[in-house]
Every structure is written in structure tokens, then in C-alpha cells.
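# Report on the structure
Given next are the chains, with one letter for each unit.
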Amino acid sequence: MTNLSILKRHLLGCVLTVAFMAMLPLFITQRYFLGEIILFMIWASVAIQWNVLLGHAGVFSLGQMLFFAIGAYAVGMLGVHLDWSPWFSMPVGAVVAALAALVIGLACLRLKTAYVALLTFAIVFMVDSLIRTEVECFTTVGGRCLPFFGGGQGFFGFDDLGFRSMLKGKWIVGNYYVVLGAFAFSLVASILVIHGRLGLAFRALGDSQIYAAARGLNRTRFHIIAFVITAFFTGLTGAVYAAHFRFAGPSLFEFSNLVFILAMIVVGGLKSTWGPVFGAVLMMILVEFAKGWGDIQNTLIGVVLIIFVLLLPRGLAGATATLRSKLMTDSGTQDNLHAARADPRGAEQ
Amino acid sequence: MSTLLSVKGLTSGYGNLQVLREIDFEIETGKIVAVIGPNGHGKSTLLKTISGLLPTWSGQCSFKSEPLCSGAPERARKGLVLVPQGDQLFMGMSVEENLLMGAFSRSDVGATMETLKEVYELFPRLDERRTQRADSLSGGERRMVGIGRGMMSNGDLMMIDEPSLGLAPLIIEQIYDALGKLAKGDRSIIVVEENPSRVASVASHFYLLDGGKFAWSGDAKELSASGDVLKTYLGG
Amino acid sequence: MPKNSPHLVMFSKHISGGEEMDAILQIMITGLTLGSMYALASVGLALTFGTMGMFNMAHGLFMTIGAYGSYAAAELWGFPLPLALLVGLLAGGIVGAAMHIAIVSHMLHREDFTTTIMVATAGVAILLQDLILKQFGAYPFKQPVQVEGLMLIGNTAITYQSIAIVLFAGILIGTLGWLLTKTRFGLAIRATAMNQDAAKLMGVKTELTYLQVLVIAGVMAAAAGILISSLASLSPGMGANPLIRAFVICVVAGLGSVTGAGFTAISLGLMEAAIGYYFGVRYGFPVMLGLVIIVLIFRPAGLFGKQGVVRA
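Just so we're clear, the structure is a prediction, and the values are computed from it rather than from any experiment.

### Focus on the overall build of chain B
When you go through chain B residue by residue, the secondary structure sums to 10 helices and 10 strands. In terms of overall dimensions, chain B is globule-like: its C-alpha atoms have a radius of gyration of 17 Å, near the 18 Å expected for 236 residues. Its C-alpha atoms put chain B at 45 × 40 × 40 Å along the principal axes. Taking all 236 residues of chain B together, 43% fall into the buried category. Counted over contacts in chain B with a minimum sequence separation of 6, partners at least 24 positions apart contribute 68%.

Pasting the structure below:
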């Protein structure tokens, strides 16, 4: 199978997925469920991008929520301070997130894996505490003192996407399609990166850094490229999040959000293409069910994460691939087993 | 003469790759045995498997008439010592700390200090450098620390993996002088070398390892008589 | 989170007249107190990384558990203070051991251990934090395990608690240093850190060493947690702030360098105190982090780290 046909196959999967998602509002009319699916698409998009970085590019960034928050804050700040419509501020948020990633990437990505993880984590924490401890009022909104970056409460109540006045009671359907658009962008971009030339470079760097370096591949450069691209789409998703919920605040930085998304990736399968999407579906359903058992969401996420890392380290994608290759060995095609092991693209879905 | 170590049908390897195929051999107390053979045919794998660093796939080892339990630390505590290839020193420790690590499983402080003195007598260079960090030593000095560290455990069987590897001829001579002196004790030694010429003078029995199996074995006399066989294998 | 920052409390208590000497003294005291707490918080982290190449995201929770352990012993069970302190330390050690037995020991042989263990310990962190939240609630408590009173030097007030913190941290770190360098036990830990296979060949049961290391890390972290909570307060999220500091300290020192972490902690504590004093407390950490990144641009393996020592 050639590279091109794999790429096309995945893109076809993409089209089918997006088409399926686009038809859902025709059958699902309850606002609650549409809201949950919107949330799913948002987290899945963040998970997809993080997986590109973590699983494929090999950059252990713990700073994804920063880029998400930058997108969200751009919408919130431009909306509150300058009365911008989210339609204009959303792309701005994505671009600012990408720029921030460029600066952080230049400063940190030369370092080794563990250092990258720690520094990105520390930077997010620093931004979080700077925002929360800001006390000087920049403006007063409705009698409430509002610091420039929103302080501990953040921004809310700014202009929405305009569907409330346009579609009245069905406004959430409008939002749904906007979020779906961002999700589709993010998904297609991830597939183009994973199965395109960049992905090839990542695999070469992953297989042998020395060989890759000898062939003129600069690890740091590719890491920064991956960092910036994924930050762009993560920022875009954050902007869409803010536009939908009309909220941007420091609660986005909470550790539990990061671990929730990490769990999606790990459950779905790190290093796979579609794993994060399935992982996001499963985690959303799990958390939804858990609501009935009381407030145990974080406990559950922790337990799931630990169980998967211990027992199914390659997630569901890896488990199905192992199962498939076992079946193949049973029917006597030893070569396919090796092919499935050697080629991560063959060992997923 | 009693059998110190006996190996029966030993197979082992790395991951899915089998390296050793059904190895059988015995070593008696107080003997020096040399395992020779071309590179990449399982000499180091054999020693690592006996020492417990690599898992045994099948077959049995018994040491001092008891079956060997699993795990390298347990085997080391029983008196089975491996001086690994490339020395594997504790680079951030001083020479003396490295040597004392060799005596880690001993509790007899007095006797340990005696052995330390013996090591320094055998390698006076180490005495001069006892406070120096291991990573500041030369290749020959490192080898001396490696062998000295092996001596410190006062084990019954010492397995030395390529003591001449990467050293200048003059240093090799010094190392083999020391090995000759070591052999005068009652401990048994297995030396692994690519080329038999170095070990010919110290070892009493020789095994040729080829493709994970013993292709030939014999004593010193047979070794000198079988020059042609060996040349075929070793390309000498 | 600001409400948990120890230095916030310290500054609000003691900022007094603008005399230069007072300022320096104030900075020294705050810095040393912060530094010794940071040192306690980071040596365990450095030790774990140095010995097993493991980055423990749950290290902050070890601190939280130590603090709550002491709190529970003193407040709920009515233990005397020294005993309550001991209970806290013990709690940290037990959690460290449990984590090793249940999780880490099964993952040690994995090829991608460095990254997967981060994910696993992140799971442990969120799980433990949630359990503490469920058990004790989100409302911040006052840590009962502390010493009351203060003395004056010039215009500067020094609380006995600060002195107790510096002393206690000094004793613990000194003991750890002695253990690591002068005892057979420490020799085994260092040997395992430097060369795992060779350590096994010497008869060191490295699996046991790893367990011991996590217990030590748990105890040191618990101590840090108890001290930190005595200045700020107890809350389920209290481990986050010192954990980040410990991260930064370990990165500056060079991951895995235990001595380096100790020295770096004290210097960064002093630096943070100075920056906090002159520019405002909220800039202490950001400036520190900025400097750290600049340091790393020139010394990618940290100040005390050597390229070869750092496993990545």
C-alpha cells in the first residue's frame, strides 16, 4: 500500500466522520445532548492535536491548555474590552496561540523530553497565577472591577456568535456547526501532518535520531514546527470554546482538564491517528455515566488513566491492532504481523 | 576435584532473538577456563545469562551443587561474580567506593579490608588513585578497577568478559599478569576472549563458542595441536 | 494558587520600615525559609529521577498527604505535635511505597518508561487529590503542627516557626546526605543510579532500591508539605505550587542531581524572596522561571547536570 492511498483512506474517514457529525442535529434535538456533543468535539480536537505532538512528534508538552486558553482569552478579551465579534477574534486567538508556541518552542524545545514537560508545565502555572493574582482594575463591567486579563473570574457575557438572535431557540445548532467546523479543521490538519511529509520526518526522528540528523533532519526545527501547528489548532478550538460558552477564565488551566484530555489520548491510543477521537467519545460517555454515581469524575479519570497505562499502554487502538495481528498470525501470514509492528500507520483504527 | 558450576542445555537471547543454543559445560573448583570465539557468537551472552542479567530461556545451571535461583543480585550474593565487558564502573564514585561496592554483599568487615589491601597490592596504580573519580581514569585503570571490584566480592567463580578489549598491548600484559596471580588462589575463573593467544598461558581448558554452540573444546595441549581448526573459526 | 503561597503570608506579616539592613535581613529570613522548604520538596524528586529516570507527577500529592496526615493526627485524633509530625512523614512514605508496588514496579522495564510513568503518575495525582477533596473538603484548614511565637532582631520579626522550618529541613536533608554518602544503603542507591546492571552484579537488589527511593521521596515530600502548610494552609491543591518550584529547581540543577537540587533550592528561595520584596510577590516566580529558561539556553543540562547523567 502506498503512502498516498493511506492518506486518502484517512481523509475519506475524515469526510465520513464529519458528515456523520453534521447529520446528528437532524435527529438529536435536545439542547443538553447537542451541548454534550459540542463539548466532545472541543475536547476531541484538543486531544487530536496533543496526540500529534505527544504521540507522533515526540514533544512531551504539558502546555496544551495554555494555547487553548490563549484562543479563549483572545475571544474573551477582545469581546469585553473592544466589543469584537467572536467571528473576528477567533482567528486572532489561533494566530496568537501559534505565536506564543513559537516563542516557547524556541526557548524550550532544544531540551530533552523530561525538561520540556516540566518547563511547559511551569509556564502554564506561571501564566495561571499571574492572571489570578492581578488585582488592578482595567475597566468596570456592570459594577464589577475587571482586571486586564480578567483576574480570578475571567471574562463572560461577551457577544456570542450571533445565532441567538438569528435562530432564536435553536441557537445551539448554529454553534454546533461552528464547533464542528473547527473540529473538522483540526482533524484534517492532524491527518495531513501525521501521514504527510512532516509525519515522515517525525518517524525518521523517532526511529533513529542520529541517522535522521545525518540526513539533515533537525529535530528541534521539526519539533517547533509541530508545536506551532498544533498550538494554532488548539488555540482555534479554545476560541470556539469561548465563543460557544461565552466564557474564558483561569479555570481552564486546572490540572484536571489536562489529565482528562490526557486520559482521552491514552485510552484511545497514543501514537494512533483516530485513537484520541474514540478515546474522547469513551471518556465523555464514562464521565456522563459517572454523573449518576455522584461527584467522582476525577477519581474515575485517575483510575482509568492508571489502568490503561498499566494494562493497555497502547490504548484501544493498540489493543485492536494486537488482536488483529494475532488473528493474522493464526491464519499463517507471519509477514503481516511484522508489517503491523514496524509500521504504526498499519496498526491503528 | 568438585564441580563448581554445571550448565546443562542452556538457551538464551535478547527479546525474540535466540543467541545461545543448548550449551553444556562444567567448571571445577580452582580451574581457569577460557571461552573463545569470534565476535557476535554469544560469548558475552553466555556470561550474562549465567550471571542472571539475561533471563534463562531453558536449561539448568547449578552452582556449588545447588540450582541457581533467578536474578542477578541473588546469584552475586551466592559468589558468582561477573566482571562485565566495558567495565561498567560507577562513574560518579571514587576508585575506592567502586571497590567497596564490589564487597557489597559481604558482611565481614575485617576480611573485606584484607581483600582491599590485596587489590591494591595487585594494582598499585589503584592505590595511588583511590580518591579519584572513576570517570577520570584511563582505559587500563578502569579495567583494573573492574577486575579489582570483582575480586572484592571474594566469590567462588569469577567470570571476566574480554579483559584485553580496547587496551594497548603493554597494558594487556599487565592485566594478564594480574590474572595469572589471581589464578593462584582457589577460585575458579572463566575468561572470555576473542583470541586464544592471550589466555593460552593461564587457562587449563578451552571452549570455542560459534553460532551459540560449543564447536570445539580441549585442554592447552589440544589447543596448540589444533591450530588449523581454530584458524578456520578465528581467521588467525 | 495565591491563597496557598507561603511567601504571601510571610510578607504580609513582616513587611516593615524601609531600612536597608532590615530589608536584607527580611529577605535572608524569607529566602532561607522558602529555600529550605523548596529543598525538601525537590530532593526527593531529584533522587527519584536520578535513580530510576522517573518523573513523578504525584510528588506534589505526597506533600499534600503529609500535611493532611499531620493535620488529621493532631486535630482529629488528638496526637501530640511530634507524634503528629511523625504520622505525616509516615503517610508520605507509605504512599510512596504503595505507588511503587502498585504501579511503578510493573512499568520499570518498559522502553518508554520516562514518558509513560509521567502519564501514570499524573493519574495518581488527580486520583489522590480528588480523594483528599472528598475526605476533607475544599475548605482550607490551618495546620496545627507548628511552633508559635516570634523574636525581634532590630525591626525585623523572626517567627519561631521560620527557625523551626530551617532547622527541621536542615536536619532531614543532612540525614539524607549522610545516608547517601556514608552508608551501605546510600552506596546501593547511588550505584543503582549510576549503573543499574553493574549494581545488580554487585548483589544490590535494585527493585528494592527503587522502593526505598520512593519511600524516601515520599517522606521528604511529606515533610515539605507539613512545613509549607504550617505557613499557608491545608487544601487539596496545596501541592501544586511547591511542586512547580521543585520542577524548576530540578531543571536548573540538572535532573537527577540531588546535591545540586539542594543548593539551587536555597539560592532560588533567596532570589524569589528578593524579587518578591522589591517588585511584588506575584513576580517572584515568573522572574525566577524567566531566569531559569535563560540558564537553560546556555546550559541545556542544568547547572550541576552533566549531559551523560541526564536520562531522557
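Read on for the rest.
### As for the overall build of chain A
Looking only at helices and strands, chain A has 15 helices and 4 strands in total. At 21 Å, chain A has a C-alpha radius of gyration in line with the 20 Å of a compact globule built from 349 residues. With respect to the three principal axes, the spread of C-alpha positions in chain A is 75 × 50 × 40 Å. Looking at chain A residue by residue over its 349 residues, the buried ones come to 49%.

### Let's talk about the domain arrangement of chain A
All names here are of chain A. Domain parsing of chain A yields domain 1 (3-253) and domain 2 (254-349). Each partner contributes residues to the interface: domain 1 has 22 residues there, and domain 2 has 18 residues. Counting residues per element, the ones that place at least two in the side of domain 1 that touches domain 2 are helix H1 (3-27), helix H2 (31-57) and helix H7 (171-195). Looking at the side of domain 1 that touches domain 2, the element that brings in the most residues is H2, giving 12 residues. Each residue belonging to the side of domain 1 that touches domain 2 can be placed in one class, and the counts come to 15 nonpolar, 6 polar and 1 charged.

### Quick look at the sheet that holds strand S9 (residues 205-210) of chain B
All names here are of chain B. Within the open sheet, the 6 strands sit side by side as S6-S7-S8-S3-S9-S10. Their pairing is mixed. Sheet topology places strand S6 (80-83) and strand S10 (213-219) at the edges, where each strand pairs with a single neighbour. Mean inter-strand twist for the sheet, computed between neighbouring axes without regard to direction, equals 20 degrees. Note: strand S3 (residues 32-36) against strand S8 (residues 188-193), 5 bridges, orientation parallel. Paired with Ile32 across the bridge in S8 is Ile189. Lying on the sheet, helix H6 (residues 139-152) is in contact with S6 and strand S7 (157-161); it crosses S6 at an angle near 175 degrees.

### A few points about the interface of chain C and chain A
Across the contact, 33 residues belong to chain C and 36 residues belong to chain A. Mapped onto the side of chain C that touches chain A, the elements with two or more residues apiece are helix H4 (81-107), helix H5 (113-136), helix H10 (240-253) and helix H12 (284-298) of chain C. Considering every element that reaches the side of chain C that touches chain A, the biggest residue donor is H5(C), with 13 residues. For the side of chain C that touches chain A, the per-class residue count stands at 26 nonpolar, 5 polar and 2 charged.

### A closer look at the interface of chain B and chain C
At the interface, 18 residues of chain B touch 14 residues of chain C. Of all the secondary structure elements, the ones that give two or more residues to the side of chain B that touches chain C are helix H2 (72-77) and helix H3 (95-102) of chain B. For the side of chain B that touches chain C, the element with the most residues is H2(B), which contributes 4 residues. Looking at side-chain class alone, the side of chain B that touches chain C contains 11 nonpolar, 5 polar and 2 charged residues.

### Considering the packing of H2(A) against H7(A)
All names here are of chain A. Remark: H2 packs on H7, axes separated minimally by 9 Å, with the N-to-C direction vectors making an angle of 20 degrees. The angle between H2 and H7 falls in the class roughly parallel. Two packed elements cross with a definite hand, and for H2 against H7 that hand is left-handed.

### Observations concerning the sheet that holds strand S5 (residues 66-67) of chain B
All names here are of chain B. An order of S2-S1-S4-S5 is seen for the 4 strands of this open sheet, with the pairing classed as antiparallel. The two strands at the open ends of the sheet, each matched to only one other strand, are strand S2 (17-28) and S5. When strand S1 (residues 3-14) meets S2, the two strands line up antiparallel, connected through 8 bridges. Paired with Ser12 across the bridge in S2 is Leu20.

### With respect to the pairing of strand S2 (residues 156-159) of chain C
All names here are of chain C. By the bridge criterion, 4 bridges tie strand S1 (residues 150-153) to S2 in an arrangement that is antiparallel. Bridge pairing links Met151 to Ile158 in S2. Turn length for the S1-S2 hairpin, with the two strands adjacent in sequence and antiparallel, is 2 residues, and the turn residue Gly154 shows positive phi of about 60 degrees.

### A look at helix H1 (residues 43-51) of chain B
Residue and element names in this part refer to chain B. Burial of H1 is extensive: 9 of the 9 residues sit out of reach of the surface. Within the span of H1, buried status applies to Lys43, Ser44, Thr45, Leu46, Leu47, Lys48, Thr49, Ile50 and Ser51. At the C-terminal side of H1, Gly52 shows a positive phi close to 95 degrees.

### Things to note about the environment of C:Gln135
Residue and element names in this part refer to chain C. Among the structural elements, Gln135 can be located in helix H5. Gln135 gets classed as exposed once you count the C-beta atoms within 10 Å, which come to 10. Through-space distance from the C-alpha of Gln135 to that of Glu111 is 37 Å; in sequence the pair is 24 residues apart.

### Remarks on helix H9 (residues 206-231) of chain C
Its 26 residues place the ends of H9(C) 38 Å apart at the C-alpha level, agreeing with the 38 Å of an ideal helix rising 1.5 Å per residue. In terms of burial, H9(C) is a largely internal element, 23 of the 26 residues being buried.

### Focus on the packing of helix H2 (residues 20-52) of chain C against helix H11 (residues 258-279) of chain C
All names here are of chain C. Where H2 meets H11, the axes come as close as 6 Å, and the angle between the chain directions of the two elements is 145 degrees. For the element pair H2 and H11, the recorded crossing hand is right-handed. Residues belonging to the contact of H2 with H11 are distributed by class as follows: 18 nonpolar, 9 polar and 1 charged.

### Observations concerning the confidence of the model for chain A
Averaged over every residue, the pLDDT of chain A is 86; the share at 70 or more is 93%. Mean pLDDT across the elements of chain A bottoms out in helix H15 (residues 334-342) of chain A (41) and peaks in helix H10 (residues 219-245) of chain A (94).

### Concerning the nonpolar core
As a rule of thumb, nonpolar side chains are buried together in soluble globular proteins. Residues A:Ala263, A:Leu305, C:Leu40, C:Met220, C:Cys250 and C:Val251 are the most contacted members of the largest nonpolar core, which totals 277 residues. Considering every element that reaches this core, the biggest residue donor is H9(C), with 16 residues. Taken domain by domain, this core gets at least three of its residues from each of domain 1 (3-253) and domain 2 (254-349) of chain A. For A:Leu305, the contacting residues outside a window of four places in its chain are A:Val259, A:Leu262, A:Ala263, A:Val266, C:Val119, C:Ala122 and C:Gly123.

### Some details on the environment of C:Ile103
Along the chain, C:Ile103 falls in helix H4. With 18 C-beta atoms counted inside 10 Å, the residue C:Ile103 sits in the partly exposed group. With 10 residues separating them in the primary sequence, C:Ile103 and C:Gly93 have C-alpha atoms 15 Å apart. With residues near it in sequence (within four places) discarded, C:Ile103 still touches A:Ile306, A:Leu310, C:Ala120 and C:Val124.

### Section: the pairing of S7(B)
Each regular strand displays side chains that alternate between the two surfaces of the sheet. All names here are of chain B. With 5 of its 5 residues buried, S7 lies for the most part within the structure. Note: S7 against S8, 5 bridges, orientation parallel. Each bridged residue has a counterpart across the sheet, and for Ile160 the counterpart in S8 is Val191.

### Quick look at unusual backbone geometry
A positive phi angle, close to 60 degrees, is found at A:Asp83, a residue other than glycine. Position of A:Asp83 among the secondary structure elements: in the loop between helix H3 (64-82) and helix H4 (86-108). Take A:Asp83: there are 9 C-beta atoms within 10 Å of it, and that puts it in the exposed class. Its identity is not glycine, yet B:Lys64 carries a phi of approximately 50 degrees, on the positive side.

### What to know about the environment of C:Ile189
All names here are of chain C. With respect to the helices and strands, the residue Ile189 is situated in helix H7 (residues 184-194). What makes Ile189 buried here is the crowd of 24 C-beta atoms within 10 Å. Along the backbone, Ile189 and Ile153 are 36 residues apart, and their C-alpha atoms lie at a distance of 43 Å. Beyond its immediate stretch of four places on either side in the chain, Ile189 contacts Thr51, Leu180, Thr209, Gln212 and Val213.

Reading the values: rules and limits
- Numbering of residues starts from 1 in each chain and follows the order in which that chain's sequence is written.
- The order in which chains are written sets their letters, starting at A; the order in which ligands are written sets their numbers, starting at 1.
- Residue-level local features of this predicted model are given only where pLDDT is at least 70; pairs of side-chain atoms are given and counted only at 80 or more, and the full residue set underlies all totals for whole chains, interfaces and linings.
- Helix numbering and strand numbering both begin at the N terminus, where a helix is a DSSP run of H or I of at least 4 residues and a strand a DSSP run of E of at least 2.
- Throughout, the radius of gyration refers to the C-alpha atoms, and the reference size of a globule is 2.2 Å times the residue count to the power 0.38.
- Note on burial: count the other C-beta atoms lying within 10 Å of the residue's C-beta; 20 or more is buried, 12 or fewer is exposed, in between is partly exposed, and C-beta positions come from the backbone.
- In this description, a residue-residue contact is defined by the distance between C-beta atoms placed from the backbone, which must lie within 7 Å.
- Domain start and end points were adopted from an automatic or database domain assignment.
- Residue polarity follows a fixed list, in which Ala, Val, Leu, Ile, Met, Phe, Trp, Tyr, Cys and Pro are nonpolar, Asp, Glu, Lys and Arg are charged, and the others, Gly among them, are polar.
- Note on pairing: DSSP must find at least two bridges between two strands before they are called paired.
- Here the axes come from fitting lines to C-alpha atoms, over the contacting stretch only for helices, and the angles between their N-to-C directions go from 0 to 180 degrees.
- An angle below 35 degrees is treated as roughly parallel, one above 145 as roughly antiparallel, one from 65 to 115 as roughly perpendicular, and anything else as oblique.
- Throughout, a crossing is termed right-handed when the near helix is turned clockwise from the far one, and left-handed when it is turned anticlockwise from it by less than a right angle.
- Here the expected length of a helix is defined as 1.5 Å per residue gap, with one fewer gap than residues.
- Confidence scores here are pLDDT values: one per residue, from the predictor, ranging 0 to 100.
- By definition, a nonpolar core groups buried Ala, Val, Leu, Ile, Met, Phe, Trp, Tyr and Cys residues that connect through C-beta atoms lying within 7 Å of each other.

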